[in-house]
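If you want the building blocks of each chain, they are given just below.
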Amino acid sequence: SKFDNPYTGCTTLINVDNEKLSAAYDIRGNINKIAISVRNIAITSDQNYTDEKKKIIDENKALYYENQKKIDNLIYTEAGKNNFKKVKDNVEIAFSAFDDAVKKSERSDTTDDKFQNIIDGLEKPQNDAFTSIQEFVNGQVEANHEKGDTTQQATATASKLMITILLISIILGIVFTY
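Here the structure is a predicted model, which is why all the values come from computation and not from measurement. (Residues numbered from 1 in each chain as written. Predicted model: local features only at pLDDT ≥ 70, side-chain atom pairs only at ≥ 80, totals over all residues. Heavy atoms only, no water.)

Draft legend 1. Region of interest: the pattern of salt bridges. Counting across every chain of the model gives six salt bridges. Close ionic contact of K85 with D89 constitutes a salt bridge, the shortest N to O distance being 2.8 Å. Highlighted residues: K85 and D89, both in helix α3 (residues 78-105), separated by four residues, approximately one helical turn. Overall, D89 belongs to the partly exposed group, its relative accessible area being 37%. Residue E135 is joined to K86 by a salt bridge in which the shortest nitrogen-to-oxygen separation is 3.3 Å. Of this pair, E135 sits in helix α4 (residues 112-177) while K86 sits in helix α3; the two residues are 49 residues apart in sequence, bridging distant segments of the chain. (Salt bridge = Lys/Arg side-chain N within 4 Å of Asp/Glu carboxyl O. Helix = DSSP H or I, 4+ residues; strand = E, 2+ residues; numbered from the N terminus. Buried < 20%, exposed > 50% of the residue type's maximum accessible area, 1.4 Å probe, protein only.)

Draft legend 2. Structural detail: the nonpolar core. In terms of nonpolar packing, the biggest core is built from 31 residues, with I31, V38, I71, V91 and F98 touching the most fellow members. Looking at this core, the elements with two or more residues in it are α1 (6-43), α2 (47-74), α3 and α4. Broken down by element, this core gets its largest block of residues, 10 residues, from α1. If sequence neighbours within four positions are ignored, I31 has contacts with Y64, V91, F95, F98, F130 and I133. (Core = buried A, V, L, I, M, F, W, Y, C linked by side-chain atoms within 4.5 Å. Contact = heavy atoms within 4.5 Å.)

So, in structure tokens, the structure goes:
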């Protein structure tokens, strides 16, 4: 297994964890760009501007799914898989709300009250998505700290063991030379 050698195993875990965190931050950025574009669509009547923002939404959805797949492939604990499932579920709900808001915004009869309803309808799903992403990130950061502490303890123990073996070797060398 790629984790059998302690040195390469530790390096691999660090790289995997950094990739997961990077992808999670990218996901948050993707959702944020989509949310801004949806709100911009809601406030405009310019079809060219709307088309431009829809393109941004589509691009960021595609990037989200790439990042989601990357994280799915990097998660190796049940807790991580469960936390990320919550992210995926909340993001899908947010995507549904975003799609609904875009459809409602494209209608020509959008009044201030309807506009406010569109924006209000985005609030909870978007916040739930961001909250679950942040919880996933926090879990990954906490796991990284725990791994760092474990590695530090293992290094300290190994150093003490090496010093002990060195002292025993010196004592044995002195005893057997006389």
